[in-house]
Amino acid sequence: MSEVFTNTAKARLKKGEKLTAAWVQLGSPIAAEIMAQAGYDMLVVDCEHAPIDPSTLFPILQAVNGYETTAIARAPWNDMVAIKRLLDCGAKGIHVPYVNSKEEAMRAVAACKYPPVGNRGIAGSPRAAGYGKNRQHYLHRANDEVLVILAIETPMGLANLDEMLEVEGVDGFFIGPMDYSTSSGHFANPSHPDVQADFRKIEEKVLSKNLLLGTVAGNVESAKKLYDRGYSYVIFGGDINSLVSDAYKRIEDMKALMDK
């Protein structure tokens, strides 16, 4: 095995392409495979809020491997050990939640990068390195290819954003609307004018540095508006909401027909 390790999604994003994205939260390789088969450019496997740990992530990554979809993982926390395990499973990027300072940003980058750039532990046997058969290609390219996204989810994150923008190795930032609005004193209300004003500040700062910008949208219409504002990728779907939407729609339609 001598396959050069590349990250198609990162290369496309760096070229300025807009990528579609969806959550993977059910912990099911079958559901993840369906999402990949549907044609999403990126799948963000949620190891923060969903019941997904490395042993669950592993078969999910295997299931989507045969499709033109790049899978990254949302880490449970800005933790060196947690991030290392997700990357060793073969995730091609890490979404780090709740980053609030330059120091935290530097810690996140370090966890994603091998020495001398960072402190990610080196092992040649995990899936990421082809179980040892592709270790040299992977080990020498991982620092450049792994996507590092930091989530801004508090006003403190915005206050320190200028410093975080200067941290080398950060590819982009993600606005977490629900957490940000709640930490701003507007519980689960990202549409509040004050929150929206903060989002505009984050957008302006990140885009002015030509860094990637991501977020989540409730529907495709909202996602399109975000793309038009300069967002690099928008999460507007997921395995859970796809199942829920279809299940409720079908039963409602059938009940309406039966009542006629």
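Calculation rules
Residues numbered from 1 in each chain as written. Predicted model: local features only at pLDDT ≥ 70, side-chain atom pairs only at ≥ 80, totals over all residues. Heavy atoms only, no water. Phe/Tyr/Trp six-rings, centres within 6.5 Å; stacked < 30°, edge-to-face > 60°. Helix = DSSP H or I, 4+ residues; strand = E, 2+ residues; numbered from the N terminus. Buried < 20%, exposed > 50% of the residue type's maximum accessible area, 1.4 Å probe, protein only. Salt bridge = Lys/Arg side-chain N within 4 Å of Asp/Glu carboxyl O. Core = buried A, V, L, I, M, F, W, Y, C linked by side-chain atoms within 4.5 Å. Contact = heavy atoms within 4.5 Å. Pairing = 2+ DSSP bridges. Axes fitted to C-alpha atoms, helices over the stretch in contact; angles between N-to-C directions.

Engineer: Help me understand the packing of aromatic side chains, please; the structure alone is not making it clear to me.
Structural biologist: Remark: the centre distance and the inter-plane angle together describe each pair of aromatic rings, the angle taken between the planes. Per the counting criterion, the structure on display carries seven aromatic pairs. Relative to Phe 236, the ring of Tyr 40 lies with its centre 5.7 Å away and its plane at 50°, an arrangement referred to as tilted. Of this pair, Tyr 40 sits in the loop between helix H2 (29-38) and strand E2 (42-46) while Phe 236 sits in strand E8 (residues 233-238); the two residues are 196 residues apart in sequence, bridging distant segments of the chain. Neither Tyr 40 nor Phe 236 differs from the other in exposure class; each is buried. For the pair Tyr 114 and Tyr 138, a centre-to-centre distance of 6.4 Å together with 85° between the ring planes defines the contact as edge-to-face. Of this pair, Tyr 114 sits in the loop between helix H5 (102-112) and helix H6 (135-145) while Tyr 138 sits in helix H6, and the two are 24 residues apart along the sequence. Residue classification places Tyr 114 among the buried residues on the basis of a relative accessible area of 3%. Through successive ring pairs, a cluster of aromatic residues spans Phe 5, Tyr 114 and Tyr 138.

Engineer: What is the right way to read the pattern of salt bridges from this model?
Structural biologist: Any two side chains of opposite charge can pair, on the condition that their charged atoms come close. Counted by the stated rule, this structure contains 15 salt bridges. The salt bridge partner of Asp 46 is Arg 74, with a shortest N-O separation of 2.8 Å. Highlighted residues: Asp 46 in strand E2 and Arg 74 in strand E3 (residues 70-74), separated in sequence by 28 residues. For Asp 46, a relative accessible area of 0% gives the class buried. We note a salt bridge from Asp 246 to Arg 250, for which the minimum N-O separation is 2.7 Å. With Asp 246 and Arg 250 both in helix H12 (residues 239-258) and four residues apart, this pair spans about one turn of that helix. With a relative accessible area of 37%, Asp 246 lands in the partly exposed category.

Engineer: Hey, could you run me through the pairing of strand E5 (residues 147-152) in this one?
Structural biologist: Two faces belong to every sheet, and in a regular strand the side chains alternate between them. Within E5, six of the six residues are buried, which leaves it mostly tucked inside the rest of the structure. Side-chain alternation along E5 places Leu 147, Ile 149 and Ala 151 on one buried face and Val 148, Leu 150 and Ile 152 on a second face that is also buried.

Engineer: Would you mind showing me how to read the nonpolar core here?
Structural biologist: One broad trend across soluble globular proteins is that nonpolar side chains are buried collectively. One finds Ile 94, Tyr 138, Leu 150, Leu 161 and Phe 173 to be the most contacted residues of the largest nonpolar core, which totals 64 residues. Setting aside residues up to four positions removed in sequence, Ile 94 forms contacts with Ile 72, Ala 73, Ala 75, Ile 83, Leu 86, Leu 87, Cys 112, Leu 147, Val 148 and Ile 149. Counting residues in hydrophobic clusters, the runner-up holds 15 residues, among them Leu 19, Val 44, Ile 149 and Phe 174.

Engineer: Would you mind showing me how to read the sheet that holds E5 here?
Structural biologist: Pairing between sheet strands relies on hydrogen bonds along the backbone, with the strands arranged either parallel or antiparallel. Here we have eight strands rolled up into a closed barrel, ordered E1-E2-E3-E4-E5-E6-E7-E8, and parallel in their pairing. When the angles between neighbouring strand axes are averaged without regard to direction, this sheet yields 30°. Two elements, strand E6 (residues 172-175) and strand E7 (residues 212-216), share three bridges in a ladder whose sense is parallel. Note that in E7 the partner of Gly 172 across the bridge is Leu 212. Packing of helix H11 (residues 220-228) onto the sheet brings it into contact with strand E1 (19-24), E7 and E8, and relative to E8 it is tilted by some 170°.

Engineer: I'm lost on the pairing of E8 in this one. Help?
Structural biologist: The buried fraction of E8 amounts to six of the six residues, a majority that puts the element mostly inside the structure. As judged from the five bridges shared by E1 and E8, these two strands associate in the parallel manner. From the neighbouring strand, Ala 22 faces E8, where its bridge partner is Gly 237. Of the pairings in the sheet, the one linking E7 to E8 comprises three bridges and is parallel in character.

Engineer: Would you take a moment to explain unusual backbone geometry for this structure?
Structural biologist: Comment: phi is negative for the bulk of residues other than glycine, and the bulk of peptide bonds are trans. The omega torsion of the bond from Pro 115 to Pro 116 falls at 10°, within 30 degrees of zero and hence cis. With respect to the helices, strands and loops of the structure, Pro 116 is situated in the loop between H5 and H6. Its identity is not glycine, yet Tyr 98 carries a phi of approximately 55°, on the positive side. Its location among the elements puts Tyr 98 in the loop between strand E4 (93-96) and H5.

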